[in-house]
Amino acid sequence: MDKDIYILAIESSCDETAAAVIKNGRHVCSNVIFSQIELHKLYGGVVPEIASRKHIEKINQVIEGALREASMKLEQMDAVAVTYGPGLVGALLVGVAEAKAIAYAAGKPLVGVHHIEGHIAANYIENLDLEPPFMCLVVSGGHTHLVKVKDYDKFEIVGRTRDDAAGEAFDKVARAIGLGYPGGPKIDRLAKEGDKEAIAFPRAKVEDHPYDFSFSGLKSSVLNYLNQCEMKGITVNQADVAASFQYAVIDVLTTHTIQATKAMGMDKLAVAGGVASNSSLRESLGAACEKERIRFYHPSPVFCTDNAAMIGTAGYYAYINGVRHGLDLNAVPNLKLGQRL
Ligand code: KG4
Ligand code: ZN
């Protein structure tokens, strides 16, 4: 039998300090996440300088925790995988410097991983039958991309947001209705108590680009609605605003995604990124896929938001495809999908 391959993976691109051990690409031996949310909550969003400092404080602990939880030693690892972009430069640098130090000290190969490729790869963890090609809707705090996954290392972006990312829109609207940070999970919860048809918020189309998205108009429309209510002395029904806003986002995401999947002759659709843990988005995509006879895949919520298991899975496929980085690997805050540096 072939020897098992173990990857030690590190993720620090935003406000989660995370490490994981992955066996043969899809088996999670450990997945340790230190979330900084409580710290950034005070400021209503991620403060980059604070994020970097906390990463430095926590990263060794998190890596030791991942090895301990997997009952493994660093020597048993075949490679060290790390997110090197996109993300906050100071935050990324902590993970990259740590991974380089470990790889050098332990004499292990270093594999740099694209954060979004990691989010997409999260789908492989629990769906052992999923293999490219498939369509993937990536919806996170920083990205909204419709990606044709042609192979484990080949991606084509067929649609993207022209302004705010879906998660960003959730966070901004949540702040406007006083729910605090991070807004996505709070809107998700509150929306269940509201009427999604109560307020008709707009669904933006991008002229000549049917698979692109735009959420800034929707966000402005919610802010206008709230201002008007205030001016007229009307009490805002927060749950109705949450439900109607969420419905507008999900409606556009579902329609464009299904249209693109069908138009490109794909029979599998996956969803990835923090917003992929939204219960209504999953229901909506799931129902549309069933109608169109498309197989629908999604990761468990813990693998949707930032984690290192997904980086280990993407890192495994890069590793077996021969990707190796030198000790000159740097953080690339605006790394493009499919780009290798
Ligand atoms: O993927 P992620 O953890 O970080 C980035 O790479 O950006 O995504 C974080 C985003 C935040 O904007 C958060 O509000 C959103 O994902 N999010 C959600 C839900 N859980 C997290 N949005 C909607 N519904 C959720 N349940
Ligand atoms: Zn992410």
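Novice: Summarise the layout of surface pockets; cite the residues concerned and give the values.
Specialist: Over the atoms rolls a probe the size of a water molecule, and its path tells where empty space is left. For the largest pocket, the calculated volume is near 990 Å³. If you go around the largest pocket, you meet 36 residues; those closest to its centre are Ser 140, Gly 141, Gly 142, Asp 171 and Tyr 181. For the lining of the largest pocket, the elements supplying multiple residues, two or more each, are strand S3 (27-35), helix H4 (115-126), helix H5 (166-176) and helix H6 (183-191). For the lining of the largest pocket, the leading source of residues is H5, giving six residues. The class makeup of the residues in the lining of the largest pocket is eleven nonpolar, 17 polar and eight charged. Considered as a void within the structure, the second largest pocket measures approximately 210 Å³ in volume.

Novice: Please provide a residue-by-residue account of the sheet that holds strand S5 (residues 110-114), values included.
Specialist: If you walk across this open sheet you meet the five strands as S3-S2-S1-S4-S5, and the pairing is mixed. Both outer strands of the open sheet, S3 and S5, are each paired with one neighbouring strand and no more. Strand after strand, the sheet turns through a mean of 20° between neighbouring axes, direction not considered. In this sheet, strand S4 (residues 79-85) lies alongside strand S1 (residues 6-11) in parallel orientation, the contact comprising four bridges. Looking across to S4, one finds that Ala 9 is bridged to Ala 81. In the packing of helix H2 (residues 48-69) onto the sheet, the strands contacted are S1, strand S2 (16-23) and S3, and the crossing angle to S2 comes to about 25°. Contacting S1, S4 and S5, helix H3 (residues 89-106) crosses the sheet at an angle of about 160° to S4.

Novice: Mind laying out the coordination of the zinc ion (ligand 2), listing which residues take part and the relevant values?
Specialist: When a metal holds four donors in a tetrahedron, each ideal angle between them is 109.5 degrees; when it holds six in an octahedron, the ideal angles are 90 or 180 degrees. Coordination of the zinc ion (ligand 2) by the protein comes from His 115 (NE2), His 119 (NE2) and Asp 306 (OD), over a distance range of 2.0 Å. As a motif over one chain, the donors of the zinc ion (ligand 2) read H-x3-H-x186-D. Here His 119, found in helix H4, pairs with Asp 306, found in the loop between helix H10 (301-304) and helix H11 (309-320); they are 187 residues apart in sequence, far enough to count as distant. Judged by relative accessible area, which is 13%, Asp 306 ranks as buried.

Novice: Please set out the sheet that holds strand S6 (residues 134-139) residue by residue, giving values where relevant.
Specialist: Ordered in space as S8-S7-S6-S9-S10, the five strands form an open sheet in which the pairing is mixed. Of all strands in the sheet, those bounded by a partner on one side alone are strand S8 (154-160) and strand S10 (295-297). Between one strand and the next, the sheet's axes are offset by a mean angle of 25°, whatever the strand orientation. As judged from the four bridges shared by S6 and strand S9 (residues 268-272), these two strands associate in the parallel manner. Residue pairing for S9: Cys 136 is matched across the bridge by Ala 270. Contacts between H4 and the sheet are confined to S6, strand S7 (144-151), S8, S9 and S10, with S6 contributing the most and set at about 120° to the helix. Running at roughly 160° to S6, helix H8 (residues 238-263) makes contact with S6, S7 and S9 of the sheet.

Novice: Break down empty space enclosed by the protein for me, with residues and values.
Specialist: Within the structure shown, the criterion is met by one cavity of 30 Å³ or more. The calculated volume of the largest cavity comes to roughly 110 Å³. Glu 117, Tyr 152, Phe 155, Ala 314 and Tyr 317 are the residues nearest the centre of the largest cavity, which is lined by 14 residues in total. Put simply, the parts of the chain that give the lining of the largest cavity at least two residues each are H4 and H11. Grouping the amino acids of the lining of the largest cavity by side-chain chemistry returns nine nonpolar, two polar and three charged.

Novice: Describe the site of ligand 1, with residues and values.
Specialist: Every one of the 19 residues lining ligand 1 counts as a neighbour, but Gly 141, Asp 171, Asp 188, Gly 274 and Asn 278 are closest to it. Between ligand 1 and His 115, the relevant distance is 3.1 Å, taken from an oxygen atom to a side-chain nitrogen or oxygen of the residue. Starting from 560 Å² of accessible surface for ligand 1 in isolation, the protein chains cover 89%. Breaking the shell around ligand 1 down by element, the ones donating at least two residues are H4, H5 and H6.

Parameters at a glance
Residues numbered from 1 in each chain as written. Chains lettered and ligands numbered in written order. Predicted model: local features only at pLDDT ≥ 70, side-chain atom pairs only at ≥ 80, totals over all residues. Heavy atoms only, no water. 1 Å grid on protein atoms, 1.4 Å probe; cavity = no way out; pocket = protein on both sides within 12 Å on 5 of 7 lines; lining within 4 Å. Points joined across faces, edges and corners; volume = space filled by probe spheres on them. Helix = DSSP H or I, 4+ residues; strand = E, 2+ residues; numbered from the N terminus. Nonpolar A, V, L, I, M, F, W, Y, C, P; charged D, E, K, R; others polar. Pairing = 2+ DSSP bridges. Axes fitted to C-alpha atoms, helices over the stretch in contact; angles between N-to-C directions. Contact = heavy atoms within 4.5 Å. Donors = N, O, S within 2.8 Å, 3.2 Å for Na, K, Ca; no water. Buried < 20%, exposed > 50% of the residue type's maximum accessible area, 1.4 Å probe, protein only. Near = heavy atom within 4 Å. Polar contact = N/O pair within 3.5 Å; in protein donor to acceptor, adjacent residues only side chain to side chain. Areas by Shrake-Rupley, 256 points an atom, 1.4 Å probe, with all protein chains shown as cover.

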